[in-house]
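Tertiary structure, described
For reference, the chains in residue letters:
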Amino acid sequence: MSSKNLKLFTTPFNLQNPVTVQVLGICSALAVTVKLKPAIVMGLSVTIVTAFSNLIISYMRDYIPPRIRIIVQLVVVAALVILVDQILRAFVYDVSKQLSVYVGLIITNCIIMGRLEAYAMGNKPWPSFVDGLGNGAGYAMILIIIGFTRELLGSGSLLGHHVVPNAFFQAGYMNNGMMIMPPMALIVVGLIIWIQRSKNPELIESK
Amino acid sequence: MQEYINIIIKAIFTENMIFAFFLGMCSYLAVSKTVKTSLGLGIAVIFVQMVTVPINYLLLEKVLKPGALTWLGSSFSEVDLTFLSFMIYIATIAAMVQLVEMIVEKFSPSLYNSLGIFLPLIAVNCAILAGSLFMEQREYQNIGEVLSFSFGSGFGWALAIVTLAAIRERIRYSNIPAPLRGLGITFIITGLLGIAFMSFMGIKL
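Residues numbered from 1 in each chain as written. Chains lettered and ligands numbered in written order. Predicted model: local features only at pLDDT ≥ 70, side-chain atom pairs only at ≥ 80, totals over all residues. Heavy atoms only, no water.

A closer look at the confidence of the model for chain B
Looking at chain B as a whole, its pLDDT mean stands at 81, while 94% of the residues score no less than 70. Considering each helix and strand of chain B separately, the mean pLDDT is smallest for helix α6 (residues 118-122) of chain B, with a value of 69, and largest for helix α8 (residues 143-171) of chain B, with 89. (pLDDT = per-residue confidence, 0-100. Helix = DSSP H or I, 4+ residues; strand = E, 2+ residues; numbered from the N terminus.)

Details of the interface of chain A and chain B
Between chain A and chain B, the contact holds 43 residues from the first and 40 residues from the second. In total, chain A and chain B occlude about 3700 Å² of area from one another, counting both sides; carbon and sulfur atoms represent 82% of this. In terms of surface lost to chain B, no three residues of chain A exceed C27(A), T108(A) and L186(A), which account for 15% of the buried area on that side. Linking chain A with chain B are zero salt bridges. Seen at the junction of chain A and chain B, the total is zero residue pairs in polar contact (both at pLDDT 80 or more). Mapped by element, the contributors of at least two residues to the side of chain A that touches chain B are α2 (26-31), α4 (69-91), α6 (101-104), α7 (110-118) and α10 (182-199) of chain A. Residue contributions to the side of chain A that touches chain B peak at 11 residues, all from α10(A). For the side of chain A that touches chain B, the residue count by class is 30 nonpolar, nine polar and four charged. (Contact = heavy atoms within 4.5 Å. Buried area = accessible area lost by both parts, 1.4 Å probe. Salt bridge = Lys/Arg side-chain N within 4 Å of Asp/Glu carboxyl O. Polar contact = N/O pair within 3.5 Å; in protein donor to acceptor, adjacent residues only side chain to side chain. Nonpolar A, V, L, I, M, F, W, Y, C, P; charged D, E, K, R; others polar.)

Concerning the packing of α10(A) against helix α9 (residues 183-198) of chain B
Angle between the axes and distance between the axes are the two parameters that describe a pair of packed helices. Following both chains from N to C, one finds α10(A) and α9(B) inclined at 165°, their axes separated by 8 Å at the closest point. If you check the angle between α10(A) and α9(B), you find them roughly antiparallel. Crossing hand, α10(A) versus α9(B): left-handed. Across the interface between the two elements, P183(A), L186(A), I187(A), V189(A), G190(A), I193(A) and R197(A) of α10(A) pack against L183(B), G184(B), F187(B), I188(B), T190(B), G191(B), L192(B), G194(B), I195(B) and M198(B) of α9(B). Taken together, the residues of the contact of α10(A) with α9(B) break down into 11 nonpolar, five polar and one charged. (Axes fitted to C-alpha atoms, helices over the stretch in contact; angles between N-to-C directions. Parallel < 35°, antiparallel > 145°, perpendicular 65-115°, else oblique. Left-handed = near helix turned anticlockwise from the far one by under 90°.)

Details of the nonpolar core
M42(A), L105(A), L23(B), M25(B), Y28(B) and W157(B) are the most contacted members of the largest nonpolar core, which totals 105 residues. For this core, the leading source of residues is α4(A), giving 10 residues. Not counting the four nearest positions on each side in its chain, L105(A) is found in contact with L23(B), C126(B), L129(B), A130(B) and L133(B). (Core = buried A, V, L, I, M, F, W, Y, C linked by side-chain atoms within 4.5 Å. Buried < 20%, exposed > 50% of the residue type's maximum accessible area, 1.4 Å probe, protein only.)

A look at the layout of surface pockets
To locate leftover empty space, one rolls a probe as large as a water molecule over the atoms. Taken as a whole, the second largest pocket encloses approximately 690 Å³ of empty space. Around the second largest pocket sit 27 residues that line it, and R89(A), K97(A), L133(B), E136(B) and Q137(B) are the ones nearest its centre. When residues of the lining of the second largest pocket are traced back to their parent elements, those giving at least two are α4, α5 (93-99) and α6 of chain A together with α3 (35-64), α4 (85-107) and α7 (126-138) of chain B. (1 Å grid on protein atoms, 1.4 Å probe; cavity = no way out; pocket = protein on both sides within 12 Å on 5 of 7 lines; lining within 4 Å. Points joined across faces, edges and corners; volume = space filled by probe spheres on them.)

Remarks on the pattern of salt bridges
Scanning the model with the defined rule gives four salt bridges over all chains in all. Across the pair D94(A) and K37(A) runs a salt bridge whose closest N-O atoms are separated by 4.0 Å. Taken together, the residues span a long stretch of sequence, with D94(A) in helix α5 and K37(A) in helix α3 (residues 36-60) at a distance of 57 residues. When its relative accessible area of 38% is taken as the criterion, K37(A) is described as partly exposed. R138(B) is the salt-bridge partner of E15(B), the closest N and O atoms lying 3.3 Å from each other. Here E15(B) is found in the loop between α1 (2-14) and α2 (25-30), whereas its partner R138(B) is found in helix α7, with 123 residues between them in sequence.

Digging into the side chain of S128(A)
All names here are of chain A. As for its position among the elements, S128 is in helix α8 (residues 125-155). Residue classification places S128 among the buried positions, given a relative accessible area of 0%. Among the polar contacts made by the side chain of S128, one reaches the main-chain carbonyl oxygen of K124 at a distance of 2.7 Å.

Examining the packing of α4(B) against α7(B)
Residue and element names in this part refer to chain B. Where α4 meets α7, the closest approach of the two axes is 10 Å, and the angle between their N-to-C directions is 135°. Here α7 runs oblique to α4, going by the angle between their axes. The hand of the α4/α7 crossing is right-handed. The segment α4 lies against α7, with S85, F86, Y89, I90 and I93 engaging I128, L129, S132, L133, M135 and E136. Counted by class, the contact of α4 with α7 contains eight nonpolar, two polar and one charged residues.

Observations regarding the confidence of the model for chain A
When pLDDT is low, close inspection of the predicted coordinates is not appropriate. The share of residues in chain A with pLDDT of 70 or more is 98%, and the mean pLDDT across the chain is 82. Per-element confidence in chain A ranges from a low mean pLDDT of 76 for α2(A) to a high of 88 for α3(A).

Quick notes on the packing of aromatic side chains
Residue and element names in this part refer to chain B. Counted according to the given criterion, the structure contains eight aromatic pairs over all chains. Both rings, one in F151 and one in F155, keep their centres 5.7 Å apart while their planes meet at 25°; by these two values the pair is stacked. Here the residue F151 and the residue F155 both occupy positions in helix α8, the gap between them amounting to four residues, near one helical turn. The class for F155 is partly exposed, based on a relative accessible area of 33%. Ring centres of F197 and F200 lie 5.5 Å apart, and the angle between their planes is 65°; on these two criteria the pair is classed as edge-to-face. By relative accessible area, which is 13% here, F197 ends up buried. Each member of the aromatic cluster is reached from another via a ring pair, and the members are F13, F19, F197 and F200. Between R138 and the ring centre of F134, over which it is positioned, the NZ or CZ distance is 4.4 Å. (Phe/Tyr/Trp six-rings, centres within 6.5 Å; stacked < 30°, edge-to-face > 60°. Lys NZ or Arg CZ within 6 Å of the ring centre and 35° of its normal.)

A word on the side chain of E145(B)
With respect to the helices and strands, E145(B) occurs in helix α8. Discounting chain neighbours no more than four positions away, the residues touching E145(B) are E3(B), Y4(B), I7(B) and Y140(B).

Focus: empty space enclosed by the protein
All names here are of chain A. Evaluation of the coordinates by the stated rule reveals one cavity of 30 Å³ or more. Counted as a void, the largest cavity has a volume near 30 Å³. Sorting elements by how many residues they give to the lining of the largest cavity places α2 first, with three residues. Across the lining of the largest cavity, the residue classes tally to four nonpolar, three polar and no charged.

See below:
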């Protein structure tokens, strides 16, 4: 991989992160992160759909009439999401049940539409694929951080295994029930943004 | 009558699109800078929601469900097209948004000018697609229930975005830690609003 492509892949992890900097794809990022496992599955699904829709649209970019491009893009994305949905139902049915409507909502995930519009419509297939992969992975990273925090503090487990030792509970430690509630996801993202921006002062918004 | 009101109240308060399911967050965060524009977007969402969800309900009942195609002849009674639902829903939404935009432009230019820029945005607002997906998942019994659900969920979304916009207009004057400015504090405010909305949990008429 050339250094230019490597840069395409790595900037979405920090300075151009789709969730915390570009504010895209928040809906699903918050809803599926009560436990770590659905967060990982969701992150993977979005990465795959973003990468392949970028690739396909980039191959088609010279043939799409600009006026109807949104519908063409939506149809390509919807077809990929149907594939992912059917695969999830076939192989990890319990996770697919937990994700419920949010698998379908990958179609309207703004990261995908944003990357298609901003990158795939004007670039060659291979860089577009790498760009999609990077943005999907940047999104997956935030999902995994939130899922990790919420499952560890909310249920005292990781991937369903108990990790907080029983001695802690006997000493008076309690699982934080608030962490399982939806509003805490928002506050955790707020805290991640706080940490990230104090490490990277160039991201701070002017007044 | 009572069950319709019950569905509306539930969709607005206990199962609010924003605070309970985080749907439509992108435009919620991006457009909530002033009360005026957020009110415009909120009304547009209610409107589109009330058009697309009932249409998708009819499509589901008459075309997609197993056995729904019996009206074409008994040989179609085995056909199950539900795996196509995502594609059909998003196509309906994209088409309806385009249609609504054209109709509003033709008949009410003043409304078009105030909603204009928001209407195309709504096609990719997840709250709209989620309205149709929830409608399928929760198996509403008749068109009245579907209509009340679509109104309630749209109204709940509008209520949330207007509330946040009002708070953000005020918070501009307060002294927030620099890294939290803008996006960070907006997330935390939404979280606190969500906690406030949790107090409606369990309300039933």
